[in-house]
There are 2 protein chains.
Amino acid sequence: MNILIVYAHPEPQSLNHALKVQMIDHLRAAGHSVQVSDLYEMDWKAVLDRHDMMSKDPSEPFDPSLDSKHAYESGTQSIDIAKEQEKSLWADHVIFQFPLWWFSMPAIMKGWFERVYAYGFAYGYGEHSDTHWGDRYGEGRFSGKRAMLVVTAGGWEPHYSARGVNGPIDDILFPIHHGMLFYPGFQVLPPYVMYRVGKMDEARFQQTCTELFARLDSLETTDPIPYFTQNGGAYDIPSLTLKSDINPQLSGFSAHMDER
Amino acid sequence: MNILIVYAHPEPQSLNHALKVQMIDHLRAAGHSVQVSDLYEMDWKAVLDRHDMMSKDPSEPFDPSLDSKHAYESGTQSIDIAKEQEKSLWADHVIFQFPLWWFSMPAIMKGWFERVYAYGFAYGYGEHSDTHWGDRYGEGRFSGKRAMLVVTAGGWEPHYSARGVNGPIDDILFPIHHGMLFYPGFQVLPPYVMYRVGKMDEARFQQTCTELFARLDSLETTDPIPYFTQNGGAYDIPSLTLKSDINPQLSGFSAHMDER
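Keep in mind it's a predicted model, so treat the numbers as computed, not measured.

Q: Can you walk me through the overall build of chain A in this structure?
A: Of regular secondary structure, chain A possesses six helices and six strands. Moving toward the C terminus, one meets the helices and strands of chain A in the order β-α-β-α-α-β-α-β-α-β-β-α. The C-alpha atoms of chain A give 19 Å as radius of gyration, which agrees with the globular expectation for 260 residues (18 Å, within 12%). For chain A, the spread of C-alpha atoms along the principal axes amounts to about 55 × 50 × 35 Å. Within the span of chain A, comprising 260 residues, buried residues form 60% of the whole.

Q: Help me out: how do you make sense of the UniProt feature "domain: Flavodoxin-like fold" (unreviewed entry) in chain A in this one?
A: UniProt records the feature "domain: Flavodoxin-like fold" (unreviewed entry) for residues 1-209 of chain A in the present numbering. Overall, residues 1-209 of chain A shows 33% helix and 15% strand. The separation of its end C-alpha atoms is 20 Å.

Q: Help me understand the packing of helix H3 (residues 79-90) of chain A against helix H4 (residues 107-116) of chain A, please; the structure alone is not making it clear to me.
A: Residue and element names in this part refer to chain A. Relative to each other, H3 and H4 sit at 90 degrees, their axes nearing to 10 Å. As the angle between them shows, H3 and H4 are arranged roughly perpendicular. Judged by residue contacts, Asp80, Ile81, Glu84 and Gln85 of H3 engage Trp112, Arg115 and Val116 from H4. Within the contact of H3 with H4, the residues separate by chemical class into three nonpolar, one polar and three charged.

Q: Could you clarify how one ought to interpret the environment of Ala18(B) in this entry?
A: Residues and elements named next belong to chain B. Considering the arrangement of structural elements, one finds Ala18 in helix H1 (residues 15-29). Look at Ala18 and you get partly exposed, because its relative accessible area is 27%. In sequence terms Ala18 and Cys209 are 191 residues apart; their C-alpha atoms lie 9.9 Å from each other.

Q: Just checking my understanding: could you explain the interface of chain B and chain A for this structure?
A: On the chain A side, the residues contacting the 67 residues of chain B number 67 residues. Between chain B and chain A, roughly 5000 Å² of surface is buried when both sides are summed, and carbon and sulfur atoms account for 66% of that area. Among the residues of chain B in contact with chain A, Trp102(B), Arg163(B) and Val165(B) are the three that bury the most area, contributing 20% of the side total. Here Arg50(B) and Glu11(A) are joined by a salt bridge, their closest N and O atoms 3.4 Å apart. Mapped onto the side of chain B that touches chain A, the elements with two or more residues apiece are helix H4 (107-116) and helix H5 (169-182) of chain B. By residue number, the principal contributor to the side of chain B that touches chain A is H5(B), which donates seven residues. Across the side of chain B that touches chain A, the residue classes break down as 39 nonpolar, 19 polar and nine charged.

Q: Can you help me understand the relation of the copies chain B and chain A in this one?
A: Copy one and copy two of the chain differ by a rotation about an axis and a translation along that axis. Superposing chain B onto chain A requires a rotation of 180 degrees together with a translation of 0.0 Å along the rotation axis, leaving an RMSD of 0.0 Å. Taken together, the rotation and translation describe the operation of a two-fold axis. Residues of chain B ranked by C-alpha distance from the rotation axis are headed by Ala107(B), positioned 2.3 Å from it. Comparing interface residues between copies, 100% of those in chain B also sit at the interface in chain A, which points to an isologous, same-surface contact.

Q: Explain the side chain of Asn231(A) to me, please; I cannot follow it from the model alone.
A: All names here are of chain A. With respect to the secondary-structure elements, Asn231 resides in the segment after helix H6 (202-217). One polar contact links the side chain of Asn231 to the main-chain amide nitrogen of Trp133, over a distance of 2.9 Å. Leaving out residues up to four positions away in the same chain, Asn231 has contacts with Thr131, His132, Trp133, Gly134, Arg136, Glu139 and Ile237.

Q: Got a minute to help me understand the side chain of Lys110(B) in this structure?
A: Within the element layout of this structure, Lys110(B) appears in helix H4. There is a polar contact of 2.9 Å between the side chain of Lys110(B) and the backbone oxygen of Met105(A). Leave out the neighbours within four places in its chain, and Lys110(B) touches Trp101(A), Trp102(A), Ser104(A), Met105(A), Pro106(A), Ala107(A), Met105(B) and Met180(B).

Q: What should I look at first to understand the pattern of salt bridges in this one?
A: Side-chain pairing between opposite charges can occur once the charged atoms of the two side chains come close. In this structure the tally under the stated criterion is 20 salt bridges over all chains. Lys69(B) is the partner of Glu73(B) in a salt bridge, and the nearest nitrogen-oxygen pair spans 3.6 Å. On the criterion of helical spacing, the pair formed by Glu73(B) and Lys69(B) is a turn pair, its members being four residues apart in helix H2 (residues 64-74). By sharing partners, the salt bridges in this structure join Lys45(A), Asp49(A), Asp52(A), Asp80(A) and Arg115(A) into a single network.

Thresholds, definitions, all that
Residues numbered from 1 in each chain as written. Chains lettered and ligands numbered in written order. Predicted model: local features only at pLDDT ≥ 70, side-chain atom pairs only at ≥ 80, totals over all residues. Heavy atoms only, no water. Helix = DSSP H or I, 4+ residues; strand = E, 2+ residues; numbered from the N terminus. Rg over C-alpha atoms; globule rule 2.2 N^0.38 Å. Buried < 20%, exposed > 50% of the residue type's maximum accessible area, 1.4 Å probe, protein only. UniProt positions renumbered as here; feature names shortened; annotations may be inferred. Axes fitted to C-alpha atoms, helices over the stretch in contact; angles between N-to-C directions. Parallel < 35°, antiparallel > 145°, perpendicular 65-115°, else oblique. Contact = heavy atoms within 4.5 Å. Nonpolar A, V, L, I, M, F, W, Y, C, P; charged D, E, K, R; others polar. Buried area = accessible area lost by both parts, 1.4 Å probe. Salt bridge = Lys/Arg side-chain N within 4 Å of Asp/Glu carboxyl O. Least-squares fit on C-alpha atoms with pLDDT ≥ 70 in both. Polar contact = N/O pair within 3.5 Å; in protein donor to acceptor, adjacent residues only side chain to side chain.

In structure tokens form, the structure reads like this:
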């Protein structure tokens, strides 16, 4: 399989870097092709702006969305954006690896999504009708591909539990899982999250690698998070609210999972 | 009062820019002092890295957290970081205004938090004991100050409702409200969110300004979101999970609000 690792950590002598190297070695030893987008090492441009559109008339106002569509369709996107789009299309699996900073991904990775996810590439296409509201949430550019987060957190695991002060990790990651990965069609695997990583000794590092390798070995067979597809009948259209007989007792993020 | 607006949108001819100008004029006309951090205009550095620490030995590994502590304490932070810290301390109220991109703030603003929120400035201090787990979640540097989000979204309001496909807007914003603002001590006001902003005509713009001005006029009197303070008795320490008699029927983000 073709596997892309999109990785964000500023320090080569870090736990994240060591884990990334372990993952690459393990995947290659298993016969997979691996590409890595090491965003800090690439000096990835984090900020979406008009310079991303090479033919944009400097006297015209910049529309982040519509201008990305024009640049995507006309082949005038910044080269770094086009390259990442190619890598993501090449991949069968995409792993996003990052430290949890302020309850989300580092800014440099947020900027990867903002810039690579052009209008027409990752959103803004597909039929709009009474039964279909664009190709998104389970359909789209990345249909047939899978994605997984590999996340390090400094805090303690109970702080991220169902009633922990930080909020449950699954809810913290929902805007990424559902809004950034399932949205353009990825099947999203449960994340691999490590806690209290400031206290990781050699024994726990080995244990962590063992667990992570098991996750890598089962990329094809792990059940994805069972989100309802937008156009599969669970939602009223165009309000895009869950039909009254779907998880009738639930609201919030957890309502969007088909646990039947 | 002193009011800081931290603002992220790349285009001066945009709805967000027009709203920002309206807010500034309205606040100044009411006698307030206003500073603005227009992150795109400032060419704000979005990416946290070792260059933020002016005296960092280039031969030593970079620790994003500990090195920010050292730089903060020794006065060797990058000047742009120190300036934003000063502005945030000057302010009685901070308004964060941004378009919702992929269910969060733009990368350039995420980078504001990552860089300005140094260890020792926004986290990592206060007593650790059986009854107190650091000054955070309701206590901290910004105690006594208030913060509010002003957010534009392209999507429809029902898509962000309790059972809408995007997830409820209050849950989408929880990692910001609770994790980035309440964490270092801000009282967090309910957000002002505009939907379907691609379709805003002059009449709706006027209506929007009227609503927004009403929110600005009541910054001092609006009830903040009633999050439980971490050290106020609602949480077990050190697991930092809600005590069993606190919202016993709830889990997830909504459990952390005191609706009594």
